[in-house]
Amino acid sequence: MRDHLLERVAEMVTDVMESNGLEVDDFISVIFTATSDLHSEFPAYAARRLGFGEVPLICARELEIDGSMPRVVRMMAHVETDLPRSDITHVYLHGAAALRRDLTRVRAVPDDE
Ligand SMILES: O=C(O)C(=O)C[C@]1(C(=O)O)C=C[C@@H](O)C=C1
C-alpha cells in the first residue's frame, strides 16, 4: 500500500515536470492533498525522494464531500515558468482522469496504463 502510494505520487510529480518542462529548481513550493482514506505515507516523502528536499512541501486533507472520488492524491505546485497559463498541462493519472474533462490542456492517463 505504502509502496503503491509512493510510486503513484512519484509518477504524478514526474509527469507534471515532464509535461511542463520543469526542473526541481523551478518549484517554489508544492501543496499535496490526500483523501481521508489514505494513511500509509505522506505524499511529500515521495517528492523528497525525487530531489525536492529543499523545496517547501506540505500535505493536507482533501475535503470530504459526499460522493467525491476516493483514494486521490492531488498536488498544486507554485513554479517559475515562462509558459502562459493557457499552456500549462494539468496531469490527471489513472482513475483521476475523470475529474476534470473540461480542462483543455490535460494529460490524462487511464487506469490500465
Ligand atoms: O481537479 C481536481 O482534482 C478536482 O477534483 C476538481 C476540484 C474542482 O472542483 O476544481 C475539486 C476538488 C479539489 O480540491 C480540486 C479541484
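In what follows, the structure referred to is the one given above.
Residues numbered from 1 in each chain as written. Predicted model: local features only at pLDDT ≥ 70, side-chain atom pairs only at ≥ 80, totals over all residues. Heavy atoms only, no water.

Novice: Before we go on, may I ask you to explain the packing of aromatic side chains in this structure?
Specialist: Aromatic ring pairs are reported here in terms of the distance separating the ring centres and the angle at which the planes meet. This structure, assessed with the given rule, holds one aromatic pair. Relative to Phe52, the ring of Phe27 lies with its centre 4.9 Å away and its plane at 70°, an arrangement referred to as edge-to-face. Of this pair, Phe27 sits in strand E1 (residues 27-34) while Phe52 sits in the loop between helix H2 (43-49) and strand E2 (57-61); the two residues are 25 residues apart in sequence, bridging distant segments of the chain. Across the pair, exposure class does not vary: Phe27 and Phe52 are buried alike. (Phe/Tyr/Trp six-rings, centres within 6.5 Å; stacked < 30°, edge-to-face > 60°. Helix = DSSP H or I, 4+ residues; strand = E, 2+ residues; numbered from the N terminus. Buried < 20%, exposed > 50% of the residue type's maximum accessible area, 1.4 Å probe, protein only.)

Novice: Help me understand the site of the ligand in this model?
Specialist: Around the ligand, the neighbouring residues are Glu62, Arg74, Tyr92, Leu99 and Arg100. With respect to the ligand, the side chain of Tyr92 contributes an N or O atom lying 2.7 Å from an oxygen atom. Separating an oxygen atom of the ligand from a side-chain N or O atom of Arg100 is a distance of 3.5 Å. Its free accessible area being 360 Å², the ligand has 51% of it covered by the protein chains. Here the residues of the shell around the ligand sort into two nonpolar, no polar and three charged. (Near = heavy atom within 4 Å. Polar contact = N/O pair within 3.5 Å; in protein donor to acceptor, adjacent residues only side chain to side chain. Areas by Shrake-Rupley, 256 points an atom, 1.4 Å probe, with all protein chains shown as cover. Nonpolar A, V, L, I, M, F, W, Y, C, P; charged D, E, K, R; others polar.)

Novice: Which parts of the structure should I look at to understand the pattern of salt bridges?
Specialist: Two side chains that carry opposite charge are able to pair once their charged atoms sit near each other. Taken as a whole and judged by the stated rule, the model has four salt bridges. As a salt-bridge pair, Glu41 and Arg2 come within 2.7 Å of each other at their nearest N and O atoms. In this pair, Glu41 sits in the loop between E1 and H2 while Arg2 sits in helix H1 (residues 2-20), placing the two residues 39 residues apart along the sequence. Here Arg8 ties to Glu11 by a salt bridge, and the two come within 3.9 Å at their closest N and O atoms. Of this pair, Arg8 and Glu11 are both found in helix H1, three residues apart, which corresponds to roughly one turn of the helix. By relative accessible area, which is 29% here, Arg8 ends up partly exposed. On the basis of relative accessibility, which here comes to 27%, the residue Glu11 falls in the partly exposed class. (Salt bridge = Lys/Arg side-chain N within 4 Å of Asp/Glu carboxyl O.)

Geometric values such as these leave the question of function open.
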